[in-house]
Amino acid sequence: MKYRSKINRVNNETRAMLALRIIDTVLKSGIENAKVSKRFKQLVDVNARYQLAAKATDSEQVKLAIDTLYATRFNLFSDIFGYLEGLLNSPDADMKVAATLLFQQINRYGRNFNRLKLSDQSIRYIRIIEALKKTECAAALTKTILTESVNSFDQVQLDYEDLYTDHGNTSAVKIAPSSIRSELNESLKLFMDEVNLMSSVNDSEEWKTLCINLHRRFDEMNVNSVHKLKTDEEDVKTGANTATDTTPTN
């Protein structure tokens with residue numbers, strides 16, 4: 001069964017987990033072009049809204065959803081921080097100037113303040129985002145191709161605050177996950193299409209491995225045995241090393 005068909009067949013909980021695993025796999029891949037691509041940023045944005053809509057009233061599940069957004073917010077911040085830090089040494093003079101301006105904003109509190117109180121962390125993120133989205137930074141964001149990344153960072157921060165402040169408010173009006181289910185399905189499909197294309201046109205072991213691993217995330221949706229999962233993971237590792245001439249197709 002192709003991944004396009006699989007997406008349409010899963011329930012809301014499985015779809016929510018699939019999206020999280022897809023995003024996590026990309027973030028851990030180390031492929032910057034994948035992490036800053038338009039399709040991936042769209043997926044991150046839609047997923048954040050879907051996770052918010054799919055939250056359950058059960059306190060433990062709500063806490064899990066909050067933790068997920070908390071982690072996503074930190075990952076987006078860290079990715080932008082690391083990306084700009086690398087551009088500070090760019091041989092392109094204009095790029096270096098743009099990166100320096102933006103890095104001054106994102107580095108105003110340093111990189112590691114996740115041990116502070118949650119409220120203190122949030123206000124720092126808010127101030128960083130406000131600084132990055134000032135008019136004087138617009139050209140620099142365009143130059144460094146970070147406009148969409150900052151917008152996604154902003155949206156996840158907003159979603160986190162909405163869910164956190166709404167925690168325990170049982171009278172809150174909920175948006176049914178089904179209302180944005182089609183949007184998330186389409187985002188997953190478009191991003192997978194993009195990864196398949198990049199894997200086929202780039203003679204890169206990293207892209208091929210990422211493509212294999214993302215396809216494996218879809219296969220995992222039907223796994224109901226820990227032993228089977230471990231066996232499949234071993235097969236993927238072997239396949240990544242021996243089947244480099246084979247690119248999964250949709």
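Here, the structure is the one placed above.
S.K.: Could you clarify how one ought to interpret the overall build of the protein chain in this entry?
M.R.: Looking only at helices and strands, one finds 12 helices and zero strands in the protein chain. Beginning at the N terminus, the succession of helices and strands in the protein chain can be written as α-α-α-α-α-α-α-α-α-α-α-α. Relative to its 250 residues, the protein chain shows a buried fraction of 42%. Partitioning the contacts of the protein chain with sequence separation of at least 6, the portion at a separation of at least 24 is 76%. Of the roughly 13,400 Å² that the protein chain leaves accessible, carbon and sulfur atoms contribute 49%.

S.K.: Can you walk me through the side chain of S122 in this structure?
M.R.: Relative to the helices and strands, S122 resides in helix α7 (residues 118–132). S122 gets classed as buried once you look at its relative accessible area, which sits at 5%. Not counting the four nearest positions on each side in its chain, S122 is found in contact with R73, Q157, Y160 and E161.

S.K.: Teacher, can you tell me more about the packing of aromatic side chains here?
M.R.: Aromatic ring pairs are reported here in terms of the distance separating the ring centres and the angle at which the planes meet. By the definition in use, this model includes 11 aromatic pairs. Between F113 and Y125 the ring centres are 5.2 Å apart and the planes differ by 55 degrees, which places this aromatic pair in the tilted class. One end of the pair, F113, is in the loop between α6 (93–106) and α7; the other, Y125, is in helix α7, and 12 residues separate them in sequence. Here the two residues F113 and Y125 agree in accessibility, since each one is buried. For Y125, a relative accessible area of 1% translates into the label buried. What links up through ring pairs into an aromatic cluster is the set F77, F81, F103, Y109, F113, Y125 and F153. Positioned above the aromatic ring of F113 is the side chain of R124, whose terminal nitrogen or guanidinium carbon lies 5.7 Å from the ring centre.

S.K.: So what exactly am I meant to see when it comes to α6 here?
M.R.: Working note: α-helix, 3.6 residues per turn, so residues spaced by three or four point in the same direction. For α6, with 14 residues, the first-to-last C-alpha span of 20 Å sits near the 20 Å given by 1.5 Å per residue. When α6 is considered as a whole, its buried residues turn out to be M95, A98, A99, L102, F103, Q105 and I106. Viewed end-on, α6 has its buried residues packed into an arc of 150 degrees, placing them on one side of the element. Facing away from the buried surface of α6 by more than 90 degrees, the exposed residues are A93, V97 and Q104.

S.K.: Would you explain the environment of K133 in this entry?
M.R.: For K133, the position within the fold is in the loop between α7 and α8 (138–143). Residue classification places K133 among the partly exposed positions, given a relative accessible area of 41%. Counting along the chain gives 28 residues from K133 to Q105, while the straight-line C-alpha distance between them is 9.9 Å. Not counting chain neighbours up to four residues away, the residues in contact with K133 comprise V150, N151 and D154.

S.K.: Help me out: how do you make sense of the pattern of salt bridges in this one?
M.R.: Summed over the entire model, instances satisfying the criterion amount to 12 salt bridges. Salt-bridge contacts for E220 lead to R21; the nearest nitrogen and oxygen are separated by 3.9 Å. Of the two residues, E220 is situated in the loop between α11 (205–219) and α12 (226–242) and R21 in helix α2 (residues 12–27); the sequence distance between them amounts to 199 residues. The class of E220 is buried, set by a relative accessible area of 10%. Its relative accessible area of 36% is what places R21 among the partly exposed residues.

S.K.: Can you walk me through the environment of A16 in this structure?
M.R.: By the element assignment, A16 lies in helix α2. Since its relative accessible area comes to 10%, A16 is described here as buried. A16 sits 35 residues away from Q51 along the chain, and the two C-alpha atoms are 6.4 Å apart. Leave out the neighbours within four places in its chain, and A16 touches N47, Y50 and Q51.

S.K.: Just to check I follow, could you spell out helix α9 (residues 147–166) for this structure?
M.R.: Taking 1.5 Å per residue, 20 residues should reach 28 Å; α9 reaches 29 Å between its end C-alpha atoms and fits that length. Along α9, the positions that sit buried rather than exposed are S149, V150, S152, F153, D154, V156, Q157, D159, Y160, L163 and D166.

Calculation notes
Residues numbered from 1 in each chain as written. Predicted model: local features only at pLDDT ≥ 70, side-chain atom pairs only at ≥ 80, totals over all residues. Heavy atoms only, no water. Helix = DSSP H or I, 4+ residues; strand = E, 2+ residues; numbered from the N terminus. Buried < 20%, exposed > 50% of the residue type's maximum accessible area, 1.4 Å probe, protein only. Contact = heavy atoms within 4.5 Å. Areas by Shrake-Rupley, 256 points an atom, 1.4 Å probe, with all protein chains shown as cover. Phe/Tyr/Trp six-rings, centres within 6.5 Å; stacked < 30°, edge-to-face > 60°. Lys NZ or Arg CZ within 6 Å of the ring centre and 35° of its normal. Expected span 1.5 Å × (residues − 1). Arc of directions from axis to C-beta. Salt bridge = Lys/Arg side-chain N within 4 Å of Asp/Glu carboxyl O.

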